Amino acid sequence: MGWISPFTLNRLGMLNMNRRNVDYIARYNDRSAYPLVDNKLKTKLVVAEYGVKTPRLLQVVRQQHEISHFREMSADLAGFAIKPAKGSGGKGITVVTGRDGDEFVKASGARIGVDVLERHLTNILAGLYSLAGASDVAIVENLVQSTPDLARYSFQGVPDIRIIVFQGYPVMAMLRLATKASDGKANLHQGAVGVGLDIGTGKSLNAVQFNRPILLHPDTGLSLGNIHIVAWDEMLEMASRCYEATGLGYMGVDLVVDVEEGPLLLELNARPGLAIQMANGCGLLPRLRAIENLKRPHFTPGDRARFAMEEFHKR
């Protein structure tokens, strides 16, 4: 992709970082709500009151002495995920996908003992992965099993879907696929693939890796042009419901599709990145302004999701 002039970016309605920070995050996100989304445990508890499902909580480790219970709790588990409640960017998340005798098998295939996991829990409590190094809490969740139709596109990691929600309206969405370069994580800055999704249908539009357009997944070799997300309207309504749960006017909502439980919320982000515009091949500004200019806002999550599907559908 060559150099793009500021005139072209304006014509495409691209939202830049300064405008995002001043006109949307600072204006629409009350800082008092930040602790709700910067702490995965608080997020999980608050969205449950609004009917938004998250991966099943298996254990919360708040104190060092509680780590001894982890060994007993995990003895019969085939898979789970350990997360720092205040972590960001996927740091400190360990995913166990199976057992091999007394050892646990990670998503990468590596074998580790329970002593390694106990040390990891200690590091989380000490704040090794938390924002500003503050002391933290470890949460252990049930393993998410992605649906086969989506999992086949991703390299090792679970594909997730980022939806930008503005004033309760889902305005733009992107599927994130892990790669070898991203070390199995769905993080675009580390080399994951971003696939823009049509808000109206949940079908794929464009795909990018390292901000460059691609047609095939670099590791699986599969075409990225015909992906269709199931239960799309349900996912949009879930994302919209997070507005009532947190009060945040501008946020990123990260969802996965579990093979048994359907759509689940992974986490919320009060400062979502802007790469979603590259994946969609269009800017956020026209959609954000369309919501700001509404004369009669919709009051229910379902109505807002249906409005967005009709208004922002790529025809």
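Residues numbered from 1 in each chain as written. Predicted model: local features only at pLDDT ≥ 70, side-chain atom pairs only at ≥ 80, totals over all residues. Heavy atoms only, no water.

(A) Structural view of the domain arrangement of the protein. On domain assignment, one finds that the protein holds domain 1 (8–54 + 147–312) and domain 2 (57–142). Each partner contributes to the interface: domain 1 provides eleven residues, whereas domain 2 provides 17 residues. Buried area between domain 1 and domain 2, both sides added, is near 1,000 Å², and the carbon and sulfur share of it is 52%. Broken down residue by residue, the surface that domain 1 buries against domain 2 is led by Lys40, Leu41 and Lys44, which jointly contribute 50%. (Domains from an automatic or database assignment. Contact = heavy atoms within 4.5 Å. Buried area = accessible area lost by both parts, 1.4 Å probe.)

(B) Just the packing of helix H8 (residues 232–246) against helix H11 (residues 301–311), in detail. At their nearest, the axes of H8 and H11 sit 8 Å apart, and the two run at 125 degrees to each other. Taken together, the axes of H8 and H11 are oblique relative to one another. Handedness of the H8/H11 crossing: right-handed. Across the interface between the two elements, Trp232, Asp233, Leu236, Glu237, Ser240, Arg241, Tyr243 and Glu244 of H8 pack against Pro301, Gly302, Arg304, Ala305 and Met309 of H11. Taken together, the residues of the contact of H8 with H11 break down into six nonpolar, two polar and five charged. (Axes fitted to C-alpha atoms, helices over the stretch in contact; angles between N-to-C directions. Helix = DSSP H or I, 4+ residues; strand = E, 2+ residues; numbered from the N terminus. Parallel < 35°, antiparallel > 145°, perpendicular 65-115°, else oblique. Left-handed = near helix turned anticlockwise from the far one by under 90°. Nonpolar A, V, L, I, M, F, W, Y, C, P; charged D, E, K, R; others polar.)

(C) How the structure looks around helix H6 (residues 114–125). Between its first and last C-alpha, H6 extends 17 Å over twelve residues, near the 16 Å set by a 1.5 Å rise per residue. Listing the buried residues of H6 in full gives Val114, Leu117, Glu118, His120, Leu121, Ile124 and Leu125. End-on view of H6: buried residues confined to an arc of 155 degrees, all on one side of the axis. (Expected span 1.5 Å × (residues − 1). Buried < 20%, exposed > 50% of the residue type's maximum accessible area, 1.4 Å probe, protein only. Arc of directions from axis to C-beta.)

(D) Highlighting the side chain of Gln59. The topology assignment puts Gln59 in strand S1 (residues 57–61). Looking at Gln59, the relative accessible area reads 11%, which means it is buried. With near-sequence residues (within four places) excluded, Gln59 lies in contact with Glu66, His69, Phe70, Met73, Ala138, Ile139 and Val140.

(E) Representation of the sheet that holds strand S4 (residues 103–106) within the structure. Strands sit in the order S1-S6-S2-S3-S4-S5 across an open sheet of six strands; the sheet is antiparallel. Two strands lie at the open edges of the sheet, namely S1 and strand S5 (111–112), each paired on one side alone. The strands that H6 touches are S1, strand S2 (80–84), strand S3 (94–100), S4, S5 and strand S6 (138–142); relative to S2, the one it contacts most, it runs at about 25 degrees. (Pairing = 2+ DSSP bridges.)

(F) Representation of the pattern of salt bridges within the structure. Inspection of the entire model under this criterion finds 15 salt bridges. Among the ionic pairs, Asp254 bridges to Arg162, the shortest N-O distance being 2.4 Å. Of this pair, Asp254 sits in strand S12 (residues 250–258) while Arg162 sits in strand S7 (residues 160–166), and the two are 92 residues apart along the sequence. By relative accessible area, Asp254 is classed as buried at 1%. (Salt bridge = Lys/Arg side-chain N within 4 Å of Asp/Glu carboxyl O.)

(G) Fine view of the environment of Thr246. With respect to the helices and strands, the residue Thr246 is situated in helix H8. On the basis of relative accessible area, Thr246 is assigned to the buried category, the value being 7%. Residues in contact with Thr246, not counting those within four places in the same chain, are Ala33, Leu36, Val37, Met251 and Leu268. Polar side-chain contacts of Thr246 include one of 3.1 Å to the backbone nitrogen of Leu248. (Polar contact = N/O pair within 3.5 Å; in protein donor to acceptor, adjacent residues only side chain to side chain.)

(H) Up close: the sheet that holds strand S13 (residues 262–269). In space, the seven strands of this open sheet follow the order S11-S10-S9-S8-S7-S12-S13, with antiparallel pairing throughout. Sheet topology places strand S11 (212–213) and S13 at the edges, where each strand pairs with a single neighbour. Together, S7, strand S8 (169–177), strand S9 (193–197), S12 and S13 form the strand contacts of H8, whose direction differs from that of S12 by roughly 135 degrees. Packed onto the sheet, helix H10 (residues 285–292) meets S7, S8 and S12 and runs at close to 150 degrees relative to S8.

(I) A look at the packing of aromatic side chains. Counted by the stated rule, this structure contains eight aromatic pairs. Ring plane angle 20 degrees and centroid distance 6.0 Å describe the contact between Tyr24 and Tyr28, whose orientation is recorded as stacked. In this pair, Tyr24 and Tyr28 both sit in helix H2 (residues 17–28), four residues apart, roughly one turn of the helix. Taking relative accessible area as the criterion, Tyr28 reaches 17% and is therefore assigned buried. For the pair Phe80 and Phe104, a centre-to-centre distance of 5.6 Å together with 75 degrees between the ring planes defines the contact as edge-to-face. (Phe/Tyr/Trp six-rings, centres within 6.5 Å; stacked < 30°, edge-to-face > 60°.)

(J) Unusual backbone geometry, seen in detail. If you check the backbone angles, Asn211 has positive phi at about 65 degrees while not being a glycine. The exposure class of Asn211 is partly exposed, given its relative accessible area of 43%. Although it is not a glycine, Ala231 sits at a positive phi angle of roughly 55 degrees. Looking at the secondary structure, you find Ala231 in the loop between S11 and H8.

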